[in-house]
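Structural overview
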Amino acid sequence: MGDFWEDSTTCPLCGRAFNYTKIKYDSIRIEKYDDDLKPIFKGPNPQNFSILTCPKCGFTFFSEDTDLLKKVSKETKKELKDYLKRARNKLGRIDNSKNKDIDFLKKQYALAGIIYKILNKPGNVAKSLIRLAWIFRDEDKIMEELKLLISAVKILEENFKNLNSDEELILYYFFKGYTNLRIGKRKEAKEFFNKLIGRYRNSKNPYIKKAEFLKGDL
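Residues numbered from 1 in each chain as written. Predicted model: local features only at pLDDT ≥ 70, side-chain atom pairs only at ≥ 80, totals over all residues. Heavy atoms only, no water.

Topic: the pairing of strand β2 (residues 17-23)
In terms of strand pairing, strand β1 (residues 4-10) meets β2 through 7 bridges, oriented antiparallel. Following the sheet pairing, D7 is matched in β2 by Y20. With antiparallel pairing between neighbouring strands as the criterion, β1 and β2 make up a hairpin whose turn holds 6 residues, including G15 at a positive phi of roughly 85°. (Pairing = 2+ DSSP bridges. Helix = DSSP H or I, 4+ residues; strand = E, 2+ residues; numbered from the N terminus.)

Put into structure tokens, the structure is as follows:
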């Protein structure tokens, strides 16, 4: 029967309906996780298909964000449309199918980061950059990967006062610690892991557990 199935959605910006590929739930198999909880999948990677691009206007978003623009001002929507008029041609052929290639996926995550920045959604900007970094990790392009992870942390840090959810705060503290660990700043890494663990001591969030594990080696 295969690993894929077709679903449909509507672009939050222009209203265009379009189809896209999803991975069947039974086909999602995780072999292990990296230290920053990047999943290593056996078979197709569902994250590659959770980012969508409207074939009409180029608006790019995570598939769960269908209500993203409900409370967005007309001015912000106009800014998005004006930006996408300039960016649309750089995307090339838009592909939301199972045949999507890595180069287009990179463009999707990069564009999503800009779109979510316009929408003032720092958590989603960081998520886009982290996902893009993980692609470069798979390609063994470590410098590009680290730059993107550090950029994700910087976005969260610059918007720290406006982080509205525990998910965003956990992402900030964990990746602040993790990126410091990656570049050899062990003292700083331990400091941020401690802040994360102290703030969410009773949480079952996997990033808390991983911070406790990584801190044990510092």
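More follows now that the structure is in view.
Considerations on the packing of aromatic side chains
Applying the stated criterion across every chain yields a total of 14 aromatic pairs. When the centroid spacing of 5.4 Å and the interplanar angle of 65° are considered together, the rings of F160 and Y172 count as edge-to-face. Here the residue F160 occupies a position in the loop between α4 (142-158) and α5 (166-182), and Y172 occupies one in helix α5, the gap between them amounting to 12 residues. Residue classification places F160 among the partly exposed positions, given a relative accessible area of 29%. Seen from their ring centres, F174 and F175 are 5.3 Å apart, and the 80° between their planes marks the pair as edge-to-face. (Phe/Tyr/Trp six-rings, centres within 6.5 Å; stacked < 30°, edge-to-face > 60°. Buried < 20%, exposed > 50% of the residue type's maximum accessible area, 1.4 Å probe, protein only.)

Digging into the nonpolar core
If you look at the biggest cluster of nonpolar residues, it comprises 63 residues, and the most contacted ones within it are F59, L119, F174 and F175. No other element matches the 9 residues that helix α3 (residues 122-138) contributes to this core. If we skip the residues at most four places from it in the chain, F175 touches D36, I130, L149, V153 and Y207. (Core = buried A, V, L, I, M, F, W, Y, C linked by side-chain atoms within 4.5 Å. Contact = heavy atoms within 4.5 Å.)

Focus on the pattern of salt bridges
Following the criterion strictly, the structure yields 15 salt bridges and no others. One salt bridge connects D67 with K70, and the closest N-O pair in it is separated by 3.7 Å. Taking relative accessible area as the criterion, K70 reaches 66% and is therefore assigned exposed. With a closest N to O distance of 2.7 Å, E145 and R137 form a salt bridge. Owing to a relative accessible area of 0%, E145 belongs among the buried residues under this scheme. By relative accessible area, which is 12% here, R137 ends up buried. (Salt bridge = Lys/Arg side-chain N within 4 Å of Asp/Glu carboxyl O.)

Some remarks on helix α1 (residues 74-87)
For α1, with 14 residues, the first-to-last C-alpha span of 20 Å sits near the 20 Å given by 1.5 Å per residue. Along α1, the positions that sit buried rather than exposed are T76, L80, Y83, L84 and A87. Projected onto a plane normal to the axis of α1, the buried residues spread over an arc of 100° and lie on a single side. Residues of α1 that are exposed and point over 90 degrees away from its buried face: K74, E75, K78, K85 and R86. Looking at the packing, one finds that the buried side of α1 touches α2 (102-118). (Expected span 1.5 Å × (residues − 1). Arc of directions from axis to C-beta.)

Let's talk about the pairing of strand β3 (residues 29-33)
Of the pairings in the sheet, the one linking β3 to strand β4 (residues 39-42) comprises 4 bridges and is antiparallel in character. In the strand pairing of β4, I30 is matched with F41. Counting the residues in the hairpin turn of β3 and β4 gives 5 residues, including L37, whose phi is positive at 65°.

A word on the state of the cysteines
This model, assessed by the stated rule, comprises 0 disulfides. Unpaired in this structure, C14 has its nearest cysteine sulfur neighbour in C54, at a distance of 3.5 Å. You can call C14 partly exposed: its relative accessible area is 30%. In this structure C57 is not part of a disulfide, and its nearest cysteine sulfur, from C11, lies 3.6 Å away. C57 sits in the buried class, given a relative accessible area of 15%. (Disulfide = S-S within 2.5 Å.)

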